[in-house]
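If you want the building blocks of each chain, they are given just below.
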Amino acid sequence: MKKLLLLFAIAMLALISCTKGDEPSPEPVGDTTLYMAANGLTGFPEAIYDLQGHIIYQCPDETYSIMSLTSEGSDWYAVLKTDDGIFSVVKNGKTISTTPEVIWSMAVEHGIVYTVQENKSDNTFWVNRGFERLYEVPSHVNYYTISVHGGAVVFTVNNMKPYTWWNGVIVEFEGLDEGFGYTYGISRTDDDALYVYQGYLSGKYKYIWNDIKSELPEKFVPTSSYIVNGHAFILGEKIISQGVGGLKGLPAVLIDGIETVLNNDHPGYRAVSLASHGVDTYILVNNSAGAPSLVYKNLQPINLPDVTTPYSVTPYGSDDYTGKSNLSMLGIKAIATVENDR
């Protein structure tokens, strides 16, 4: 039934695309909006914007970088890093934690922040719950892809044998003929589970969707993965050429095993992250150089806002010298959907 509904949705999207051509879809309305963390410029720190181009949050100065952005309901969270290696977690614009430890990944569940942090003095890794140490993580665990569901913390283990790490215990993953290499995401709900990874021995890109093991399509290189309304979304790029600059591809998404190359005629782009609310999905697409950036809503491009920047620091490549530059030219680092009930 899920696959039939998905095929119907894709057909409807195709019909809309044929009707409207390449015209971007309207901005989202209703009880949610999209926040976008963007690069800064000389004299202009990195910031988080909404779809109207308003600054929701701006870093204290140019020494800060936004490392990640996530949300839960009406709350948004960001990980920041300074040039001298100090990390902090910001919630709705207020700093709630600062540490000299490296924050490798973060997840939020029921308002509780989970992080994986590295103590640089002794090179140990720890899962923190509410900024207090919960478990030590072995260094061969893929700690950059934290997954939390129902309070259970799960990682894959980088090993020739298929192991996962559940709340401090190494557990064998049954039914696999090789272990996990680099892992591109673990997503879990009450009903579904999605693992996307590179085989430790074969080097092939694979995924496990509700106990069914599959290989990704040929020349599809993943970047991240998500479960949205009971469907498996795997983001990445479809490699189309290999030149002097290396592999180049087009942004692509695999939805329940169905591959879609997003509407972009220029190689060198890839789909990197997804945010969703209700039936709407937003996919961030980035150029390998970091900019320009594109955002797709329900597989269709949307208009990105112009934002005010100092006249003297207009981004390279912008043809607007009036003090405004399109957000795409700054380069978007991360996206999150935030409910508007405050």
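Small disclaimer: the values here were computed from a predicted structure and weren't measured.

Scoring rules and cut-offs
- Residues numbered from 1 in each chain as written.
- Predicted model: local features only at pLDDT ≥ 70, side-chain atom pairs only at ≥ 80, totals over all residues.
- Heavy atoms only, no water.
- Patch = residues over 30% accessible without salt bridge, like charges linked within 9 Å, V, L, I, M, F, W, Y side chains within 5 Å.
- Areas by Shrake-Rupley, 256 points an atom, 1.4 Å probe, with all protein chains shown as cover.
- Salt bridge = Lys/Arg side-chain N within 4 Å of Asp/Glu carboxyl O.
- Lys, Arg positive; Asp, Glu negative; His and termini not counted.
- Charge placed at Lys NZ, Arg CZ, Asp CG, Glu CD.
- Helix = DSSP H or I, 4+ residues; strand = E, 2+ residues; numbered from the N terminus.
- Buried < 20%, exposed > 50% of the residue type's maximum accessible area, 1.4 Å probe, protein only.
- Pairing = 2+ DSSP bridges.
- Axes fitted to C-alpha atoms, helices over the stretch in contact; angles between N-to-C directions.
- Phe/Tyr/Trp six-rings, centres within 6.5 Å; stacked < 30°, edge-to-face > 60°.

**Q** For a negative patch on the surface, give the residues involved together with the corresponding values.
**A** On the surface, D61, E62, D83 and D84 cluster together to form a negatively charged patch. By the element assignment, D83 lies in the loop between β5 (75-82) and β6 (87-91). Here D83 falls in the exposed class, since its relative accessible area comes to 62%.

**Q** Quick rundown of the sheet that holds β6? Include the residues and the values.
**A** With antiparallel pairing, four strands are arranged side by side in an open sheet as β4-β5-β6-β7. Strands with a single pairing partner mark the edges of an open sheet, and in this sheet they are β4 (64-72) and β7 (94-99). If you compare each strand with its neighbour and ignore which way they point, the axes differ by 20° on average. For β4 and β5, the ladder comprises eight bridges, and the chain directions are antiparallel. Residue pairing for β5: L69 is matched across the bridge by A78.

**Q** Any chance you could break down the pattern of salt bridges for me, citing the residues and the numbers?
**A** A side chain with one charge may pair with a side chain of the opposite charge, provided their charged atoms come close. In this structure the tally under the stated criterion is five salt bridges. In this structure, R133 and E101 form a salt bridge, with 2.9 Å as the shortest nitrogen-oxygen distance. One end of the pair, R133, is in strand β11 (residues 132-137); the other, E101, is in the loop between β7 and β8 (102-109), and 32 residues separate them in sequence.

**Q** Lay out the sheet that holds β8 in plain terms, naming residues and giving numbers.
**A** Strand order in the open sheet formed by four strands is β8-β9-β10-β11, and the pairing between neighbours is antiparallel. Because the sheet does not close on itself, it has two edges, and the strands there are β8 and β11. The sheet shows a mean angle of 25° between the axes of neighbouring strands, taken without regard to direction.

**Q** Can you tell me about the packing of aromatic side chains, naming the residues and giving the values?
**A** The full count for this structure, using the stated rule, is 13 aromatic pairs. Each ring, one from Y135 and one from W165, has its centre 5.6 Å from the other, and the planes form 85°; the classification is edge-to-face. Of the two residues, Y135 sits in strand β11 while W165 sits in strand β14 (residues 163-166), which places them 30 residues apart along the sequence. Judged by its relative accessible area of 25%, Y135 is partly exposed. Linked through ring pairs, W104, F125, Y143, Y144, Y182, Y184 and Y205 together constitute an aromatic cluster.

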